[in-house]
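Descriptive structure summary
For reference, the chains in residue letters:
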Amino acid sequence: MNSQFTSVINHIKQTSQSVDCSGAAAFVIHNDNIVVEEYWGTQSKEANARIVQANTQFHVASVRKSYIGFAVAYAIYYGYIDSIDEKVSLYFPGIKAELLSDTTIRHLLTHTHGLVEKNGCIMREFVAGTSWAYRGVGVDLLTKLVKKTTGKTIAAILQDTVFTPLGLQETGWYADEKENFVDVIRDQNDSLWKTSQSVDGDKMNMYVSARDLAKWGYFHLKQGNIGGTQIVPKELIQFATSIQSPDGIQHDLPQNGCLWFVKDKQAKKTEIGATVPRGSFQILGYTTVTLLVIPEKNLVAVRAFNSFGSPEGYNYLQDVRSFGDTVMECC
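The shown structure was predicted, so the numbers you read here are calculated from the model rather than taken from an experiment.

Cut-off values and rules
- Residues numbered from 1 in each chain as written.
- Predicted model: local features only at pLDDT ≥ 70, side-chain atom pairs only at ≥ 80, totals over all residues.
- Heavy atoms only, no water.
- Helix = DSSP H or I, 4+ residues; strand = E, 2+ residues; numbered from the N terminus.
- Rg over C-alpha atoms; globule rule 2.2 N^0.38 Å.
- Buried < 20%, exposed > 50% of the residue type's maximum accessible area, 1.4 Å probe, protein only.
- Contact = heavy atoms within 4.5 Å.
- Areas by Shrake-Rupley, 256 points an atom, 1.4 Å probe, with all protein chains shown as cover.
- Lys, Arg positive; Asp, Glu negative; His and termini not counted.
- Charge placed at Lys NZ, Arg CZ, Asp CG, Glu CD.
- Expected span 1.5 Å × (residues − 1).
- Polar contact = N/O pair within 3.5 Å; in protein donor to acceptor, adjacent residues only side chain to side chain.
- Core = buried A, V, L, I, M, F, W, Y, C linked by side-chain atoms within 4.5 Å.
- Pairing = 2+ DSSP bridges.
- Axes fitted to C-alpha atoms, helices over the stretch in contact; angles between N-to-C directions.
- Patch = residues over 30% accessible without salt bridge, like charges linked within 9 Å, V, L, I, M, F, W, Y side chains within 5 Å.
- Salt bridge = Lys/Arg side-chain N within 4 Å of Asp/Glu carboxyl O.

Regarding the overall build of the protein
Across its full length, the protein holds nine helices and 13 strands. Taking 2.2 N^0.38 as the reference for a compact globule, 331 residues should give roughly 20 Å; the C-alpha atoms of the protein span a radius of gyration of 19 Å, in line with that estimate. Taking the principal axes of the C-alpha coordinates as reference, the protein spans close to 55 × 45 × 40 Å. When each of the 331 residues of the protein is scored for burial, the buried share is 57%. Residue pairs in contact within the protein that sit at least 24 positions apart in sequence constitute 60% of those at least 6 positions apart. Total accessible area on the protein stands at roughly 14,100 Å², and carbon and sulfur atoms take up 46% of it. The average position of the 31 basic charges and that of the 34 acidic charges among the side chains of the protein differ by 3 Å.

Let's talk about helix H9 (residues 316-329)
Along its 14 residues, H9 runs 20 Å from first to last C-alpha, staying within 8% of the 20 Å computed at 1.5 Å per residue. Asp319, Val320, Phe323, Gly324, Asp325, Thr326, Val327 and Met328 are the residues of H9 that are buried. Its side-chain oxygen at 3.2 Å from the backbone nitrogen of Leu317, Asn315 defines the N-terminal cap of H9.

Quick word on the nonpolar core
Phe70, Leu158 and Trp216 are the most contacted members of the largest nonpolar core, which has 68 residues in total. Tallying contributions element by element places helix H2 (residues 65-77) first for this core, with nine residues. Apart from the residues within four sequence positions on either side, Trp216 is in contact with Ser66, Tyr67, Phe70, Leu158, Val162, Trp260 and Leu291. Residues Ile9, Ile12, Ile272 and Leu299 belong to the second largest nonpolar core, which totals 28 residues.

What about unusual backbone geometry?
Most peptide bonds are trans, and most residues other than glycine sit at a negative phi. Positive phi, normally seen in glycine, also occurs at Asn48, with a value near 60 degrees. You can see Asn48 is positioned in the loop between strand E2 (33-41) and strand E3 (57-59). The backbone of Ser101 sits at a positive phi, close to 50 degrees, despite the residue not being glycine. Within the secondary structure, Ser101 is located in the loop between helix H3 (97-100) and helix H4 (105-109). For Ser101, a relative accessible area of 35% gives the class partly exposed.

Remarks on the environment of Thr149
Its location among the elements puts Thr149 in helix H5 (residues 136-150). As for Thr149 and Val72, which are separated by 77 residues in sequence, their C-alpha atoms are 9.8 Å apart. Setting aside residues up to four positions removed in sequence, Thr149 forms contacts with Ala75, Tyr80, Ile81 and Tyr91. Engagement of the side chain of Thr149 in a polar contact is seen with the backbone oxygen of Leu145, the distance being 2.8 Å.

What about the pairing of strand E5 (residues 121-124)?
Sheet topology places strand E4 (residues 115-118) next to E5; four bridges connect them, and they run antiparallel. Across the sheet, the residue bridging to Glu117 is Ile122, located in E5. Linking E4 to E5, which pair antiparallel, is a turn of two residues; within it Asn119 sits at a positive phi near 55 degrees.

As for H5
Helix length check: H5 (15 residues) gives 22 Å between terminal C-alpha atoms against 21 Å at 1.5 Å per residue, within 8%. Every buried residue of H5 is listed here: Val137, Gly138, Val139, Leu141, Leu142, Thr143, Leu145, Val146, Thr149 and Thr150. In this structure, the buried residues of H5 make contact with H2, H4, E4, E5 and helix H6 (154-166). Gly151, located one to two residues past H5, shows a positive phi value of around 75 degrees.

Notes on the sheet that holds strand E7 (residues 206-209)
Within the open sheet, the three strands sit side by side as E3-E7-E6. Their pairing is antiparallel. Each of the sheet's edge strands pairs with one partner strand only, and the pair in question is E3 and strand E6 (171-173). Here the strands of the sheet are splayed against their neighbours by 25 degrees on average, with no regard to which way each runs. In this sheet, E7 lies alongside E6 in antiparallel orientation, the contact comprising three bridges. Of the residues in E7, the one forming a bridge with Thr171 is Val208.

Focus on a nonpolar patch on the surface
A grouping of Tyr77, Tyr78 and Tyr80 is seen on the molecular surface, where their side chains present a nonpolar patch of about 300 Å² in accessible area. When you line up the elements, Tyr78 lands in the loop between H2 and H3. Since its relative accessible area comes to 43%, Tyr78 is described here as partly exposed.

What follows is the structure, encoded as structure tokens:
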């Protein structure tokens, strides 16, 4: 371990004691070198459980949205979708037009769509583009939109465009459990937990190793250029990781790219640390798995746990902001 990042390791270990997990991982790439790669604990609380190691795959929860955001950026870049400001109603005639109203793809990508699903019905929570709320219905519509416009699933786009060229073999959506999967420790009554047999990339059954997640972040840090080879057009990555939030959003609300949280000015409700510089981008999952990319420092930082949810007394926003600030102290 690079002693320069000792405080990052300590921070992650402290978080692992605050959440209900049996194992964790840390991975940091700085100035194009792996400077931290640490694994500890076990994949479950069972006796004789497999230890957490390099090929251990963690349930990444909402971190999957960065992959969905890429697929939408892909669809826009290659002309399957004409514009980020197209109305969603053009693609979903089965949903009442007055409900979708002026909701655009931009609104779906930046959590400003104002839609919410209750008891299986989509309802309007606020006028599109006027506020911000983290709701799953927007992501569901985006995955359907990608399939409808490209004829490909999220998983197929990512596999062909990124996973295969980068050799990411510990990343994917799975119908069945594997030996190297963590056991997700959770409240058995947590309504947010969902399982699925779909391998299309549209559900939350995504598992990724810490090292593959760091490679995914590094791919974005280098704007798609790995080892001198431009895997995807840099404009596609730039679009996905730059602010796409509509103008006029209240300044204390988070700013988003294509589902990534992107740092511009500091906002009270952001998940990114105060000292993390502008242009950085991050994604956080309900499992506390976090991927932070700081272009100004040429750095990618990953932390992974096998917890699900926030125990009483644990402030996940305060913790993830502190994580970013701790990374900044080291570089």
